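# Working through the structure, step by step
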Amino acid sequence: MASSKSSSRSRTAHSATPAKTTPNKLEENLNVFKSDNFDADGYVQTKCNSLNEKEIRQLCSYLLDLKKASAEEMRRSVYANYTAFIR
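Residues numbered from 1 in each chain as written. Predicted model: local features only at pLDDT ≥ 70, side-chain atom pairs only at ≥ 80, totals over all residues. Heavy atoms only, no water.

## Description of the overall build of the protein
- On a plain count of helices and strands, the protein comes out with five helices and zero strands.
- Taking all 87 residues of the protein together, the buried fraction comes to 11%. (Helix = DSSP H or I, 4+ residues; strand = E, 2+ residues; numbered from the N terminus. Buried < 20%, exposed > 50% of the residue type's maximum accessible area, 1.4 Å probe, protein only.)

The following block contains the structure:
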């Protein structure tokens, strides 16, 4: 399937994807999601507030590519480790 190929193309072309993030910076960015009162809708609204239609479509395409790649990676992992999964 060509999803991994289009996925990498989408990742490099997408402006909302962080370039190089240090582990400490990444951890700081992920702390937002760990809060008990995290508001997902509010977070998306603030992050996407300045995006135009084209950027939103690119983001949707990027997320769909990630979803496909993730499903493919899971499938490969299950097949590669089948006996561990059925235990």
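## Concerning the confidence of the model for the protein
- When pLDDT is averaged across the protein, the result is 76; 74% of the residues are at 70 or more.
- Confidence scores differ between elements of the protein, with helix H1 (residues 3-13) showing the lowest mean pLDDT of 41 and helix H4 (residues 53-80) the highest of 93.
- Confidence over residues 1-19 falls short of pLDDT 50; this stretch has 18 contacts with residues more than four positions distant or in other chains. (pLDDT = per-residue confidence, 0-100. Contact = heavy atoms within 4.5 Å.)

## Some words on H4
- Under the 1.5 Å per step criterion, the end-to-end length of H4 is 40 Å for 28 residues, consistent within 8% with the ideal 40 Å.
- The N-cap of H4, judged by a side-chain oxygen 3.1 Å from the amide nitrogen of Lys54 a few residues on, is Asn52. (Expected span 1.5 Å × (residues − 1). Polar contact = N/O pair within 3.5 Å; in protein donor to acceptor, adjacent residues only side chain to side chain.)

## Considerations on the packing of aromatic side chains
- Per the stated rule, a full pass over the model turns up three aromatic pairs.
- Between Phe33 and Phe38, the aromatic rings sit 5.2 Å apart at their centres with planes inclined by 70°, giving edge-to-face as the arrangement.
- The partly exposed category is assigned to Phe38, whose relative accessible area is 29%.
- Judged by centre distance (5.1 Å) and plane angle (65°), the ring pair of Phe33 and Tyr43 falls under edge-to-face. Highlighted residues: Phe33 in helix H2 (residues 23-34) and Tyr43 in helix H3 (residues 40-48), separated in sequence by ten residues.
- On the basis of relative accessible area, Tyr43 is assigned to the partly exposed category, the value being 26%.
- Every member of this aromatic cluster is reached through a ring pair, and the members are Phe33, Phe38 and Tyr43. (Phe/Tyr/Trp six-rings, centres within 6.5 Å; stacked < 30°, edge-to-face > 60°.)

## Regarding the environment of Tyr43
- Distance in space between the C-alpha atoms of Tyr43 and Val32 is 9.2 Å, their sequence separation being eleven residues.
- Beyond its immediate stretch of four places on either side in the chain, Tyr43 contacts Val32, Phe33 and Phe38.

## Section: the pattern of salt bridges
- Counted under the stated rule, the structure contains three salt bridges.
- We note a salt bridge from Arg57 to Glu53, for which the minimum N-O separation is 2.7 Å. Remark: Glu53 and Arg57 occur in helix H4; sequence separation between them is four residues, near one turn of the helix.
- For Arg57, a relative accessible area of 56% translates into the label exposed.
- Judged by relative accessible area, Glu53 falls into the exposed class, the value being 53%.
- In this structure, the salt-bridge partner of Arg76 is Glu72, at a minimum N-O distance of 3.4 Å. Pair noted here: Arg76 and Glu72 are both in helix H4, with a separation of four residues, about one helical turn.
- Overall, Arg76 belongs to the exposed group, its relative accessible area being 51%.
- Salt bridges sharing common partners tie together Glu72, Arg75 and Arg76. (Salt bridge = Lys/Arg side-chain N within 4 Å of Asp/Glu carboxyl O.)

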